[in-house]
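Structural overview for review
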Amino acid sequence: MLASCMEFTVTHQILWRSSVPIGARKKTRAHVIAPGKSPCSDSAATMRQNNSITQETQEGPRLRKYAWDTNEEYLFKAMVAFSMRKVPNRETTEISHVLLCNVTQRVSFWFVVTDPSKTHTLPAVEIQSAIRMNRNRINNAFFLNDQTLEFLRIPSTLAPPTDPPVPIWIIIFGVIFCIVIVATMLLILSGIQQHRRKNEGPSEMEDTEDKCENTITVENGIPCDPLDMKGGHINDAFMTEDERLTPL
Amino acid sequence: MAISPYLGGVGLGCLIVSFLVSLYYNTILTWVLWYLLNSFQHPLPWSACPLDLNRTGLVEECWDSSAVSYFWYRQTLNITADISDSGSVQWQLLVCLAASWAVLYLCVIRGIETTGKAIYFTALFPYLVLTIFLIRGLTLPGATEGLVYLFTPDMQVLRNPRVWLDAATQIFFSLSLAFGGHIAFASYNPPRNNCERDAVAIALVNSMTSLYASIAVFSVLGFKAANDHGRCLDGNILRLINAFDLPDQSISRDDYAAVLARLNTSRPEWAAGLHLDTCRLEDFLEKSAAGTGLAFIVFAEAVLHMPGAPGWAVLFFGMLFTLGLSSMFGNMESVITPLLDLGVMPRGVPKELLTGLACLVCFVSATCFTLQSGSYWLEIFDHYAASLNLILFAFFEVVGVIYVYGMKRFCDDIAWMTGRRPGLYWQVTWKVVSPLLLLTIFVAYISLLASTPPSYKAWNPQYEQFPSRQEKPYPGWVQAICVLLSFLPALSVPAVALVQLLARRRRKQQDVQQDVGPKLQDGGVC
């Protein structure tokens, strides 16, 4: 298979690396994953030209987060083949058609998919769109996600932020506003009631004074009788504190 | 007016200044309320950028700056790039403005009766939340760096006189002097009140609270700086790993410096081509902002990284809201009490109606701050409406009481109130130190304002150095408004003095005419 890798003049490659390309502004940590790299192309413009093409037996590096071995590779090839089989013209893609190459220690490699006759590789665009459609299943097969299992040059479709039908802030605002309006109404109504009681109070006092037939002696401008009639409840001769200060 | 009728303008000026301040202060409360309402969800809306139309990436403006800045400038303010470009009224801010004025009306509806009850909550709740934040903040990683940064004095910075001027104005406004609020609240005290003890208590409690709050805030800021520093290192480590194809997680944050040094010596040209960011903790600590930036950008982002972020956000913005509300009580009190005492409304009108009308007028006037350029206008009001006028009013108040009313009479009044005459310290500071300090600050402030042409920092996504804010000068008509704001309230002092002078002269003339009139009649009969 290696020989066939080398034979193919790879014109289309898909680069799949376990890291974010240099210059990208995303700061996600790349935890393993084994990206694929297409068999070796001399025109690959990456910095990995030092990697030898001859494939050593894969012993995936035992990384803390993810263990990569030949079985995982097989699974990966199976997933890629599965994605390709979903494309209308490519139902006959087999696992043997998926080729990996240039696997590195941090689990990063290139891969290509050949057509059934194994004469040429499929265009990268087709493979990219196929993988995009099934990205979620590929991620789930490895228990990874878009950040940890990254295909370079395949932008991931980001999940939209959950948008509840009614924005939450409006609900809470409605609750608070209703409470405030109710409390304000209560205060205003109680204020009006107090006002009305105060108005009725003095008029009651005037009625009782009219009914009184005793002569009212006036001393110091204050009628003496009302002092008696109120039975000592209210002492008009004493000026209360409130009247001297700013009224509440 | 009781001290001298000619100084009645000071009271009127205080009324105007309090009105202007309550306009823009409640707008800040509106912003806090908006953030508070948005904190009741997980994940918080300012934690992630919204997606662009393709759903392949993030909105460009958000990508260039940060999710928190984007939420503040775009989704909250929807800010325009220039102050002359007013834009439209933001309905969500208008609704929150109505709500905050409604809450304020509820609390001041019957004056001190309702305010006195509301203040129990609005004054004590912030202390509770500050304590919670203090405890949480001190347990966060990186808090010690923040506290060390807070308490180490930087001699270079202290040598700049501008810093001392800022400190003086800050303590002046923090104590809310010359607003009329203290006078308004004090008028509800019984006449024999120990005002000396109250004054000392206010000053001490204010300073202690500021210290307490700054410890809580700086421990959280230290945490945020450590967090940012760690992420900066992680970004560099990622670039190194990518470039040199090293195994993932082979470089930890502690190894980073050593590895970088080794790579620099072995392959310098590659290391240079990587464009690594310089990650220094001090840079992140110094990036903390002031004012609205501190609360809505820096602290909002810090809260994001705490576990249980929505709860902390609710607590923090709830605390800010109650703090602002209690300040607004003072402002509204100093607006409503003079109106009541002046007898603006006829006697039969209930107090609730007056407060309602005042709140309504303020609400309608404050809608200009909900425009898209509202934030720029708020900065103008913040800088120009209060500062100069208050210093001037404080100066007039001190001079008026001590020199016009008379030090002896004043000391006698205080002796009657508290039971003993004010000591030498008070007399010296009243007579000499305070007027001198106020005059110095006033002159320094004016010279500072006059020396630099006033400019503002605009948020312009089209700017080349976005996300840095673009510095733009104010257009001519805006500068005219700034001057008007600065001097109009102060003009009320000479205006009222003049009116009083003219009124007195006219009364004197009338008295003279009345005396002269009958004599003429007598003369005419003969």
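Just so we're clear, the structure is a prediction, and the values are computed from it rather than from any experiment. (Residues numbered from 1 in each chain as written. Chains lettered and ligands numbered in written order. Predicted model: local features only at pLDDT ≥ 70, side-chain atom pairs only at ≥ 80, totals over all residues. Heavy atoms only, no water.)

1. Thoughts on the overall build of chain A
Of the regular secondary structure elements, chain A holds 7 helices and 5 strands. Each helix and strand of chain A, ordered N terminal to C terminal, gives the series α-β-α-β-β-α-α-α-β-β-α-α. Pairs at least 24 residues apart make up 60% of the contacts formed inside chain A by residues separated by at least 6 positions. Total accessible area on chain A stands at roughly 15600 Å², and carbon and sulfur atoms take up 56% of it. (Helix = DSSP H or I, 4+ residues; strand = E, 2+ residues; numbered from the N terminus. Contact = heavy atoms within 4.5 Å. Areas by Shrake-Rupley, 256 points an atom, 1.4 Å probe, with all protein chains shown as cover.)

2. Here's the deal with unusual backbone geometry
Excluding glycine, residues mostly carry a negative phi; peptide bonds, for their part, are mostly trans. Residue and element names in this part refer to chain B. Look at the link from H42 to P43: it is a cis peptide, with omega at -5°. Relative to the elements of secondary structure, P43 occurs in the loop between helix 1 (8-37) and helix 2 (60-64). One non-glycine residue, N78, lies in positive phi territory at about 50°. With respect to the helices and strands, N78 occurs in the loop between helix 3 (67-77) and helix 4 (91-108). In this structure, S176 takes a positive phi of about 55° despite not being glycine. Position of S176 relative to the elements: it lies in the loop between helix 8 (161-174) and helix 9 (181-186). Residue classification places S176 among the partly exposed residues on the basis of a relative accessible area of 32%. (Buried < 20%, exposed > 50% of the residue type's maximum accessible area, 1.4 Å probe, protein only.)

3. Quick notes on the packing of helix 4 of chain B against helix 16 (residues 351-366) of chain B
All names here are of chain B. Where helix 4 contacts helix 16, the two axes come as close as 10 Å, and the packing angle between them is 160°. One finds that helix 4 runs roughly antiparallel with respect to helix 16. By crossing handedness, the relation of helix 4 to helix 16 is classed as right-handed. Within the contact between the two elements, helix 4 uses L94, L97, A98, W101, Y105 and V108 and helix 16 uses E352, T355, G356, C359, C362, F363 and A366. Classifying every residue of the contact of helix 4 with helix 16 by side-chain character gives 10 nonpolar, 2 polar and 1 charged. (Axes fitted to C-alpha atoms, helices over the stretch in contact; angles between N-to-C directions. Parallel < 35°, antiparallel > 145°, perpendicular 65-115°, else oblique. Left-handed = near helix turned anticlockwise from the far one by under 90°. Nonpolar A, V, L, I, M, F, W, Y, C, P; charged D, E, K, R; others polar.)

4. Description of the confidence of the model for chain B
Residues and elements named next belong to chain B. Confidence along chain B averages 84 in pLDDT terms, with 95% of residues attaining 70 or more. For chain B, helix 12 (residues 268-273) is the element with the lowest average pLDDT, namely 71, and helix 4 is the one with the highest, namely 92. Across the predicted assembly, pTM comes out at 0.75 and ipTM at 0.73. (pLDDT = per-residue confidence, 0-100.)

5. So, the confidence of the model for chain A
Residue and element names in this part refer to chain A. Chain-level pLDDT for chain A is 62 on average; 49% of the residues reach the 70-or-more range. Per-residue pLDDT, averaged within each element of chain A, yields its smallest value for helix 1 (residues 2-7) (28) and its largest for helix 2 (residues 70-85) (86). Long-range and interchain partners of residues 1-65, a stretch whose pLDDT sits below 50, account for 187 contacts in this model, where long-range means more than four residues apart. In the predicted structure, residues 226-230 sits below a pLDDT of 50 and forms 8 contacts with residues beyond four places in sequence or in another chain.

6. With respect to the UniProt feature "binding site: Na(+)" (unreviewed entry) in chain B
All names here are of chain B. In the numbering used here, UniProt assigns the feature "binding site: Na(+)" (unreviewed entry) to S174, N206, L323 and S327. These annotated residues cover 154 residues of sequence, but their C-alpha atoms sit close together, with the largest distance between any two at 12.9 Å. Along the chain, N206 turns up in helix 10 (residues 195-244). Look at N206 and you get buried, because its relative accessible area is 17%. (UniProt positions renumbered as here; feature names shortened; annotations may be inferred.)

7. Comments concerning helix 1 of chain B
A turn of α-helix holds 3.6 residues, and therefore any two residues three or four places apart point the same way. Relative to the 44 Å expected for 30 residues at 1.5 Å per residue, helix 1 of chain B spans 43 Å between its end C-alpha atoms, a close match to the ideal helical length. Judged by how many residues are buried, helix 1 of chain B sits mostly within the fold: 24 of 30 residues are covered. (Expected span 1.5 Å × (residues − 1).)

8. A word on the state of the cysteines
Two cysteines joined by a covalent bond between their sulfur atoms form a disulfide. Residues and elements named next belong to chain B. Scanning the model with the defined rule gives 2 disulfides over all chains in all. What pairs with C49 in a disulfide is C62, and their sulfur atoms sit 1.8 Å apart. Measuring the twist about the S-S bond at about -85°, one finds the C49-C62 disulfide to be left-handed. Taken together, the residues span a long stretch of sequence, with C49 in the loop between helix 1 and helix 2 and C62 in helix 2 at a distance of 13 residues. Of the two residues examined, C49 and C62, each falls in the buried class. The disulfide partner of C232 is C279, and the gap between their sulfur atoms is 1.8 Å. Linking C232 and C279, the disulfide has an S-S dihedral of approximately -80° and is accordingly described as left-handed. Of this pair, C232 sits in helix 10 while C279 sits in the loop between helix 12 and helix 13 (281-286), placing them 47 residues apart in sequence. (Disulfide = S-S within 2.5 Å.)

9. So, the pattern of salt bridges
Pairing between side chains of opposite charge can happen when the charged atoms of each approach one another. All names here are of chain B. Tallied over the full model, the rule gives 15 salt bridges over all chains. R231 serves as the salt-bridge partner of E301, at 3.7 Å between the closest nitrogen and oxygen. Here E301 is found in helix 14 (residues 292-304), whereas its partner R231 is found in helix 10, with 70 residues between them in sequence. A relative accessible area of 32% means that R231 is categorised as partly exposed. Of the charged contacts, one joins R280 and D283 as a salt bridge, the two residues approaching to 2.9 Å between their closest N and O atoms. (Salt bridge = Lys/Arg side-chain N within 4 Å of Asp/Glu carboxyl O.)

10. Here we look at the packing of helix 1 of chain B against helix 3 of chain B
Residues and elements named next belong to chain B. The contact between helix 1 and helix 3 brings their axes to 12 Å, and the two run at 105°. As judged from the angle between their axes, helix 1 and helix 3 are roughly perpendicular. On the side of helix 1, the interface is formed by W31, W34 and Y35, while helix 3 contributes F71, W72, Q75, T76 and L77. Grouping the amino acids of the contact of helix 1 with helix 3 by side-chain chemistry returns 6 nonpolar, 2 polar and no charged.

11. Structural notes on the nonpolar core
Counting residues in hydrophobic clusters, the biggest one holds 119 residues, and the most contacted among them are Y35, W46, W101, F317, M332 and I380 of chain B. Looking at this core, the element that brings in the most residues is helix 1 of chain B, giving 15 residues. The residues touching M332 of chain B, leaving out its near neighbours within four places in the chain, are S22, W101, L104, V108, A358 and C359 of chain B. Of all hydrophobic cores here, the second largest spans 23 residues; its members include F76, V103, F111 and F142 of chain A. (Core = buried A, V, L, I, M, F, W, Y, C linked by side-chain atoms within 4.5 Å.)

12. Describing a nonpolar patch on the surface
Taken together, V166, I170, I171, V175, I176 and I179 of chain A together with W91 of chain B make up a surface patch of nonpolar side chains, about 630 Å² in accessible area. Residue class for I176 of chain A comes out partly exposed when judged on its relative accessible area of 31%. (Patch = residues over 30% accessible without salt bridge, like charges linked within 9 Å, V, L, I, M, F, W, Y side chains within 5 Å.)

13. Comments concerning the UniProt feature "transmembrane region" (unreviewed entry) in chain A
Per the UniProt entry, the sites bearing "transmembrane region" (unreviewed entry) are residues 166-189 of chain A in this numbering. Between the C-alpha atoms that bound residues 166-189 of chain A there is a distance of 34 Å. The span itself is 92% helix and 0% strand.

14. Section: the packing of aromatic side chains
Residues and elements named next belong to chain A. Under the criterion given, the structure shown has 35 aromatic pairs over all chains. Their ring planes at 15° and their centres at 5.3 Å tell us that F173 and F177 sit as a pair that is stacked. On the criterion of helical spacing, the pair formed by F173 and F177 is a turn pair, its members being 4 residues apart in helix 5 (residues 168-211). Residue class for F173 comes out buried when judged on its relative accessible area of 12%. (Phe/Tyr/Trp six-rings, centres within 6.5 Å; stacked < 30°, edge-to-face > 60°.)

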